[in-house]
Amino acid sequence: MSVTRGDDESTFPRFGYGARALCLAALGFGPYAQANTSNGYNLPLGVTSLSRDIYALHMEVFWICVGIAVVVFGVMIYALVKFRHSRGAIPDTTLLHSTTVEVIWTVIPVVILVVMAIPAAKVILMMEDTRNSEFSIRVTAYQWKWQYQYMDAAEGIDFFSTLARDSNFARQLHSGIDPTTVSNYLLEVDKPMVIPSGTKVRLLLTSQDVIHAWWVPDFGAKRSAIPGFVNELWFRVDPGKEGIYRGQCAALCGRDHGFMPIVVDVRTPDDFKKWVGEQKAALKQATARDGQMPGAAPLASLPRDNAARSAQVLSNFP
Amino acid sequence: MAQPQATDTAHHDPSHDHHDQPATGIKRWLFATNHKDIGTMYLVFSLIMFFIGGAMAMVIRAELFQPGLQLVQPEFFNQMTTNHALIMIFGAVMPAFVGLANWMIPMQIGAPDMALPRMNNFSFWILPFAFTLLLSTFFVPGGMAAGGWTLYPPLSLQTGDAFPMLIFAIHMMGASSIMGAINVIVTIMNMRAPGMNLLKMPLFCWSWLITAYLLIAVMPVLAGAVTMLLTDHFFKTSFFNAAGGGDPVMFEHIFWFFGHPEVYIMILPAFGIISEILPTFSRKPLFGATSMIYAIASIAFLSFIVWGHHMFADGMPVAAQMFYMMSTMLIAVPTGVKVFNWTATMWRGSLSFEPPMLFAIAFLFLFSIGGFSGLMLAIVPADFQYNQTYFVVAHFHYVLVPGAIFGIMAGVYYWLPKWTGHMYNMGLAKAHFWLSAIFVNVLFFPQHFLGLAGMPRRIPDYAVQFTDWNMVSSIGGFVFGLSQILFAIVIVQCARGGKKATAEVWEGTHPTGLEWTLPSPAPYHSFSTAPDVT
């Protein structure tokens, strides 16, 4: 299930930590709202074709590994039980090597690997194909927040996204606030990124300081944001899967690495258009009032292509 | 090989002239040139570091016991993760293997000592200084390094006063490792007993010979990488500074060109140890010994061409992703050969379950689990989901703890009576085994679930849906950590006394290897006359 607006984990019963630690086995998985479509112990199936392909690959490789484990561990366990010194087992010291067997257990793994590699290679080709994206968002990482600068039809929308205030209060050392009482603890932001469903969205990722990584598990999308580089990433959320999707920075980026969540609000294309309109109207109003929207000028003056941008950045250095 | 070089060396090496018995007091250790004394110092040093690094892991697991920050600030948490890794890798696992090499290689090849005893002394005594320097960063402004053991710039360049100290400590550790590796190679190449050709050499020596070449190949690469960091920080170079025309991803390439062979440096000697122990307690020679050697060599070769798999999410051409995926998957083939050969070694054997065998069997199962998750991680698209999550943490801890460290413990329990001349407390050692083997899984298995469910690694606090598995993992961690005290107790007790061990030590198993022809404890100069193994 995706977590839609209005989900509130505080309606779930809560247990003391001590009690929970004691009855973990009985409890199984926590009575919490999920941040993604994961069941709590496996990858999320997600809401994009990419995340589903990844899930399928993951399960395929997992079951192959389970199969190999059953056979190999089975043989080991059989040997451990059957050939015990205490049962008077006589060692067969002539069993030194066998070319046939060794060739077999070299060739079979190679075949299994090829079986795994072919579908994986197909998915790689698909996930790296960022052509024909319908619109792009420039994502810039900072210690410790994200900046979303919309391009194409939504050009001009530009804002920062940081950890929500209630999470930020609760996460302070000795805050005295029970994290389970905070809505979407550590996975809530002040202003989420908004995207339309059924649309191929391309992210252009870069960083202003250290290396970060943008990751939303439900999209099967993770890519590093690296200073001086622009990485590309795309996803298309299935129509009908509108809702809120959450992720976190996935590359150690200093003190507050654990506190720069990503929230994506997926809306229908119509709702998205409406949102863009509202944002642009607000932008116009602000520009009319203040003469200039903070942040808008640098964006407009920044060259689009990265080489030119880098040159401009470089020119600022003595 | 017909020349009895070993004997010549013993007589002509001036360091041995007046040292038929150990010197007394501190001098024995400070000026040690004897392979056993140096081996002991390496192992004791490693055990101390194991507990220091373990204490840091306890802080990590205690903070992660429940959501919210209860014990430490995020910055301190990052210092703990960073230094836990540095200390465990460079302070615990690597010196332990060098210690085992020091003790066992001369005894296994029929030599009186290591080839280069003074360099041996130097390579050990660098380490206490390196780690004093590293640990003293705890007290400097800005605290310990907190940018992760991988030292990725630009983050690592934000380190405070600890930065140059850390870099210098790494330089020292690297110098120590290179000297240790040179010593191993020279010893194995020159001091084998007459008749011991390379293919007759025990698997532990083989695994170390190959490891030593890996060390010599990659430690200078690490030294170069961290030196570039140092000049970026202090001399305004821009190797990795994008604003100055540099490339932060280049650091990752250089680092992992070191880093991937490094993970095999930490596991190949364990392969060697397991290949010694399984035949002994199966009362049956190692199955496919020659193919085991080729497997180690293939793994070592492949380890140089797979480093890109650490960096898929950093952006890489499609062709490179394909290449690194397939080269990484290929490693499963020689690794599989090793696991199958070990299984075949037990097949139709006569198995008994002394502590070294128990650890070796646990290694077999649990290292294989780490191998499976490694195979999963090689699948590039899936790696995008696994990368930088607890799934990776679970993976590398499975290969390092029940892999490398269980290998070391198996080796220690195997050879300890040979070193001390006493049998150790088997009951206590078995208790140590069962507690370790059970709780290492309680500790690390749930971390697979956490990673798949979406918990990033290296975070001090987490969203509440990750609570349950973190609690399980922390409980496992505390019990696993505490049970390691038993290990120290067993070793100390055994050093002090106990039932007298025979030359064969493991009565009735008829272990092969020259070390078992020596009395227990082995004489100070292992083989003063080279044994003839033709």
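Residues numbered from 1 in each chain as written. Chains lettered and ligands numbered in written order. Predicted model: local features only at pLDDT ≥ 70, side-chain atom pairs only at ≥ 80, totals over all residues.

Colleague: Please explain the overall build of chain A as it appears in this structure.
Modeller: A count of helical and extended segments in chain A gives eight helices and 10 strands. By residue count, 39% of the 318 residues in chain A fall in the buried class. A fraction of 65% describes how many contacts in chain A between residues 6 or more apart in sequence connect residues 24 or more apart. (Helix = DSSP H or I, 4+ residues; strand = E, 2+ residues; numbered from the N terminus. Buried ≥ 20, exposed ≤ 12 C-beta atoms within 10 Å, placed from the backbone. Contact = placed C-beta atoms within 7 Å.)

Colleague: I tried to follow the overall build of chain B on my own but got confused; where do I start?
Modeller: On a plain count of helices and strands, chain B comes out with 17 helices and zero strands. Relative to the globule expectation of 24 Å for 534 residues, the C-alpha radius of gyration of chain B, 23 Å, shows essentially globular dimensions. Along the first, second and third principal axes, the C-alpha atoms of chain B reach 65 × 50 × 45 Å. Residue burial in chain B is summarised as follows: out of 534 residues, 64% are buried. For chain B, the share of sequence-separated contacts (at least 6 apart) that also reach a separation of at least 24 residues comes to 82%. (Rg over C-alpha atoms; globule rule 2.2 N^0.38 Å.)

Colleague: I keep staring at the nonpolar core and nothing clicks. Help me out?
Modeller: General note: in soluble globular proteins, nonpolar side chains tend to be found buried as a group. Of all hydrophobic cores here, the largest spans 265 residues; its most connected members are Val93, Ile274, Phe359, Ala360, Phe363, Ile379 and Ala410 of chain B. The element contributing the most residues to this core is helix α15 (residues 390–420) of chain B, with 21 residues. Both domain 1 (49–127) and domain 2 (135–315) of chain A contribute no fewer than three residues apiece to this core. Other than its neighbours up to four places away in sequence, Ala360 of chain B contacts Ile274, Ile277, Leu278 and Ala410 of chain B. (Core = buried A, V, L, I, M, F, W, Y, C linked by C-beta atoms within 7 Å. Domains from an automatic or database assignment.)

Colleague: Got a minute to help me understand the domain arrangement of chain A in this structure?
Modeller: Frequently, the measure chosen for interface size is the accessible area that the parts lose on association. All names here are of chain A. Each assigned domain of chain A is listed here: domain 1 (49–127) and domain 2 (135–315). Distance between the C-alpha centres of domain 1 and domain 2: 43 Å. The class makeup of the residues in the side of domain 1 that touches domain 2 is two nonpolar, two polar and no charged. (Nonpolar A, V, L, I, M, F, W, Y, C, P; charged D, E, K, R; others polar.)

Colleague: Would you mind going over the sheet that holds strand β8 (residues 231–235) of chain A with me for this structure?
Modeller: Hydrogen bonds between backbone atoms are what pair the strands of a sheet, whose relative direction is either parallel or antiparallel. Residue and element names in this part refer to chain A. Pairing is mixed in the open sheet, where five strands are placed in the order β3-β2-β1-β5-β8. Here the strands that pair on one side only, and so sit at the sheet edges, are β3 (158–161) and β8. For this sheet, the mean angle separating the axes of adjacent strands, direction not counted, is 25°. As judged from the six bridges shared by strand β1 (residues 135–142) and strand β2 (residues 145–150), these two strands associate in the antiparallel manner. The partner of Arg138 across the bridge, within β2, is Gln149. (Pairing = 2+ DSSP bridges. Axes fitted to C-alpha atoms, helices over the stretch in contact; angles between N-to-C directions.)

Colleague: Help me out: how do you make sense of the pairing of strand β5 (residues 201–207) of chain A in this one?
Modeller: A regular strand places its side chains on the two faces of the sheet in alternate fashion. Residues and elements named next belong to chain A. Within β5, six of the seven residues are buried, which leaves it mostly tucked inside the rest of the structure. Sheet analysis places β1 next to β5, joined by seven bridges and oriented parallel. Looking at β5, one finds that Phe135 is bridged to Val201. The pairing of β5 with β8 spans five bridges and is antiparallel. Among the inter-strand pairings, Leu203 is bridged to a residue of β8, identified as Leu233.

Colleague: Can you walk me through the interface of chain B and chain A in this structure?
Modeller: With 82 residues of chain B at the interface, the matching set in chain A holds 95 residues. At the level of elements, α4 (74–109), α8 (248–265), α11 (318–330), α12 (332–346), α13 (355–378), α14 (380–386), α16 (426–453) and α17 (467–496) of chain B are the ones that each hand at least two residues to the side of chain B that touches chain A. It is α12 of chain B that contributes the most residues to the side of chain B that touches chain A, eight residues altogether. Grouping the constituent residues of the side of chain B that touches chain A by class yields 49 nonpolar, 25 polar and eight charged.

Colleague: Before we go on, may I ask you to explain the environment of Leu100 of chain B in this structure?
Modeller: Structurally, the position occupied by Leu100 of chain B is in helix α4. Not counting the four nearest positions on each side in its chain, Leu100 of chain B is found in contact with Pro269 and Gly411 of chain B.

Colleague: Before we go on, may I ask you to explain the packing of α15 of chain B against α17 of chain B in this structure?
Modeller: The description of two helices packed together rests on the angle between their axes and the distance between the axes. Residues and elements named next belong to chain B. Where α15 contacts α17, the two axes come as close as 10 Å, and the packing angle between them is 15°. Taken together, the axes of α15 and α17 are roughly parallel relative to one another. Seen from above, α15 lies across α17 with left-handed handedness. Along the contact surface, α15 presents Met409, Leu416 and Thr420, while α17 presents Phe487, Ile491, Cys494 and Ala495. (Parallel < 35°, antiparallel > 145°, perpendicular 65-115°, else oblique. Left-handed = near helix turned anticlockwise from the far one by under 90°.)

Colleague: When you look at the environment of Asn387 of chain B in this model, what are you seeing that I'm missing?
Modeller: Secondary-structure assignment places Asn387 of chain B in the loop between α14 and α15. By C-beta crowding, Asn387 of chain B is classed as buried, having 26 other C-beta atoms within 10 Å. Distance from Asn387 of chain B to His309 of chain B, taken between C-alpha atoms, is 9.7 Å for residues 78 residues apart in sequence. When residues no more than four places from it in sequence are discounted, the contact partners of Asn387 of chain B are Lys222 of chain A together with Phe312, Ala313 and Val392 of chain B.

Colleague: Looking at this structure, how should I read the packing of helix α9 (residues 268–282) of chain B against α12 of chain B?
Modeller: Residues and elements named next belong to chain B. Two elements in contact, α9 and α12, have axes separated by 9 Å at closest approach and are oriented at 15°. Considering their axes alone, α9 and α12 lie roughly parallel with respect to each other. The hand of the α9/α12 crossing is left-handed. Only Lys338, Trp342, Thr345 and Met346 of α12 make contact with α9, whose side of the interface consists of Phe271, Ile274, Leu278, Pro279 and Ser282. In terms of residue class, the contact of α9 with α12 is built from six nonpolar, two polar and one charged.

Colleague: In this structure, what is going on with the sheet that holds strand β9 (residues 243–248) of chain A? I would like to understand it.
Modeller: Residue and element names in this part refer to chain A. Read across the sheet, three strands follow the order β4-β10-β9 without closing on themselves; strand pairing throughout is mixed. For this open sheet the edge positions go to β4 (193–196) and β9, each flanked by a neighbour on one side alone. Averaged over all adjacent pairs, the angle separating strand axes in this sheet is 25°, with direction ignored. Here four bridges tie β4 to strand β10 (residues 261–267), and the two strands are oriented parallel to one another. Each residue of the ladder has a partner; that of Pro196, found in β10, is Arg267.

Colleague: What should I look at first to understand unusual backbone geometry in this one?
Modeller: One can expect most non-glycine residues to show negative phi and most peptide bonds to be in trans. In this chain, Gln143 of chain A is followed by Trp144 of chain A through a cis amide linkage whose omega measures 5°. Structurally, Trp144 of chain A is set in the loop between β1 and β2. Cis rather than trans, the peptide bond between Pro153 of chain B and Pro154 of chain B has omega equal to 0°. Residue placement: Pro154 of chain B occurs in the loop between α5 (117–136) and α6 (162–190). Of note in this structure, Asn184 of chain A is not a glycine but carries a positive phi near 45°. Topologically, Asn184 of chain A is positioned in the loop between α5 (165–170) and β4. By C-beta crowding, Asn184 of chain A is classed as buried, having 23 other C-beta atoms within 10 Å. You will see that His510 of chain B, though not glycine, has its phi angle at about 45°, which is positive.

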